[in-house]
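Listed below, chain by chain, are the residues.
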Amino acid sequence: MSENRSLTLLSVGHACVDVYQGAVAALVPFFVAERALSYAAASGIVLAASLLSSVVQPLFGALTDRWAMPWLLPLSALTAGAGVALSGVVGSYPLTLAVVAVSGIGVAAYHPEAARAARALTPVGNRGMGWFALGGNVGFALAPLLVAAVIATGGLDASPLLAVPAVAGAALCAAAVRGSRPDPADGPRAAGPGRDDWSSFLRLSNAVVCRSVVFVGLSAFVSSYVRERTGGGDVAGTAALCVLYAGGALGTVAGGRLADRFGRLTVVRGAYALTVLAVAGVVLAPGPTAYVFVALTSAGLYVPFSLHVTLGQDYLPGRVGTASGVTLGLTVSVGGLAAPALGALADATSLRTALLPLVVLPALGGLLLRGLTEPTPATRPRLPVR
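Residues numbered from 1 in each chain as written. Predicted model: local features only at pLDDT ≥ 70, side-chain atom pairs only at ≥ 80, totals over all residues. Heavy atoms only, no water.

Colleague: Looking at this structure, I do not really get the confidence of the model for the protein chain. What am I missing?
Modeller: When pLDDT is low, close inspection of the predicted coordinates is not appropriate. Overall, the prediction assigns the protein chain a mean pLDDT of 83, with 89% of residues at 70 or greater. Scored below 50 in pLDDT, residues 181–187 makes 21 contacts in the model with residues more than four places away or belonging to other chains. Within the model, the stretch residues 379–386 combines pLDDT values under 50 with 26 contacts to residues more than four positions away or in other chains. (pLDDT = per-residue confidence, 0-100. Contact = heavy atoms within 4.5 Å.)

Colleague: Hey, could you run me through the nonpolar core in this one?
Modeller: Nonpolar side chains tend to gather and get buried jointly when the protein is soluble and globular. Among the nonpolar cores identified, the biggest contains 82 residues, and Leu10, Phe132, Leu218 and Tyr245 are the most heavily contacted of them. If you tally residues by element for this core, the top one is helix 1 (residues 3–35), at 14 residues. For Phe132, the residues in contact, after removing those within four places along its chain, are Leu7, Leu10, Ser11, His14, Tyr110, Ala114, Ala115, Ala118 and Leu328. Judged by nonpolar contacts, the second largest core, of 19 residues, contains Val268, Tyr272, Leu307 and Leu316. (Core = buried A, V, L, I, M, F, W, Y, C linked by side-chain atoms within 4.5 Å. Buried < 20%, exposed > 50% of the residue type's maximum accessible area, 1.4 Å probe, protein only. Helix = DSSP H or I, 4+ residues; strand = E, 2+ residues; numbered from the N terminus.)

Colleague: Looking at this structure, how should I read the layout of surface pockets?
Modeller: In this structure, the second largest pocket encloses a volume near 180 Å³. In this structure, the second largest pocket is lined by 15 residues; those nearest its centre are Ala26, Pro29, Phe30, Arg227 and Thr238. Secondary structure elements with two or more residues in the lining of the second largest pocket: helix 1, helix 5 (127–154), helix 7 (198–230) and helix 8 (233–262). Here the element with the most residues in the lining of the second largest pocket is helix 1; it accounts for six residues. Here the lining of the second largest pocket is composed, by residue class, of nine nonpolar, three polar and three charged. (1 Å grid on protein atoms, 1.4 Å probe; cavity = no way out; pocket = protein on both sides within 12 Å on 5 of 7 lines; lining within 4 Å. Points joined across faces, edges and corners; volume = space filled by probe spheres on them. Nonpolar A, V, L, I, M, F, W, Y, C, P; charged D, E, K, R; others polar.)

Colleague: Whenever I open this one, the packing of helix 2 (residues 39–66) against helix 13 (residues 339–348) confuses me. Can you help?
Modeller: How two helices pack is summed up by the angle between their axes together with the distance between the axes. For the pair helix 2 and helix 13, interaxial distance at closest approach is 8 Å and the crossing angle is 170°. Considering their axes alone, helix 2 and helix 13 lie roughly antiparallel with respect to each other. Seen from helix 2, the contacting residues are Tyr39, Ala40, Ser43, Val46 and Leu47; seen from helix 13, they are Ala339, Pro340, Gly343, Ala344, Ala346 and Asp347. For the contact of helix 2 with helix 13, the class distribution of residues is eight nonpolar, two polar and one charged. (Axes fitted to C-alpha atoms, helices over the stretch in contact; angles between N-to-C directions. Parallel < 35°, antiparallel > 145°, perpendicular 65-115°, else oblique.)

Colleague: When you look at helix 10 (residues 290–302) in this model, what are you seeing that I'm missing?
Modeller: An α-helical turn contains 3.6 residues, so a residue and the one three or four places further along point in the same direction. The first and last C-alpha atoms of helix 10 sit 18 Å apart over 13 residues, in line with the 18 Å expected at 1.5 Å per residue. Along helix 10, the residues that are buried comprise Ala290, Val294, Thr297, Ser298, Gly300, Leu301 and Tyr302. (Expected span 1.5 Å × (residues − 1).)

Colleague: What exactly am I supposed to notice about the packing of helix 7 against helix 11 (residues 305–315) here?
Modeller: Where helix 7 meets helix 11, the closest approach of the two axes is 9 Å, and the angle between their N-to-C directions is 160°. By the angle between their directions, the pair helix 7 and helix 11 is classed as roughly antiparallel. The element helix 7 and its partner helix 11 pack so that their crossing is left-handed. For the pair helix 7 and helix 11, contact is made by Ser200, Phe201, Leu204, Val208 and Arg211 and by Phe305, His308, Leu311, Gly312 and Tyr315, respectively. (Left-handed = near helix turned anticlockwise from the far one by under 90°.)

In structure tokens form, the structure reads like this:
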């Protein structure tokens, strides 16, 4: 099987897995409506999906640096789907938190090995990782539509139907692994070449945390906020969330192309500056104009998405799996830790007040990126064959 075909399968499988990252936020309005949860309690569900994922993602990254675990891709896809599928039918709030946390572990297990495989399938550059990341962003974008179609029709009791993408994703990932790794087997990996630049990597990671808090905060509450501002009901809220996620389809691919022309750090810094202005527009702009600023925010958040991954891999060439687990997973998941605080602030004041801090964070991320230098691209991690 050609590398392009394997990358395509991996990218579509990535979409099926990341449906479950987007699905948790998309389920929040339905939990609020059907279970009469407060904003703080509903945001706790987002936290549950993020917390264990944040803790275990570096562990999975370290394991994939040491051992080849291609079987982890289909297994983690099934785990991610099972947790979300059960979230609507378990009988209590603690059980809901537990099954959503299981889904988060599945997502955490998937990303380091998948990002390593994607980098190995593409030449040095930014476009290949952009196409891989595009799959995940498409999954995010489709999640609100999938959740709305299933839950709005059958209520939370219909949530087991949300397992379908997981089954498809597991099959696609298994096919990609078989195509790129003839006779795959578990075994030790050799250490990668180059010197690890931990100082630059940690600054990059902290900037990604700032981006993550903005993304997760808007994912959890932009639907309710736009619905409140426009008076358009569930349709208006779902549309806003779709706009936020759909920008990833263009932004991620555009980020790779722009980076090949202007350099990764130049593009990332510009995207963070755009995000400051765009988030301010989301929070402050009147009525339907909020959709324009949601779209601009989406571009600002997604253009640097795959570039964070390749920068992290090149700052830590000897620990590509760890770098992938942090930039593609841990820092993204950490954003969920801020969701309960935003929810509590919204309960105490208003959603608008709770979203105002999100304007400042991209500016802080941009400051963290100042002074970083472009790393030398790491040698591609080789796929284990025998």
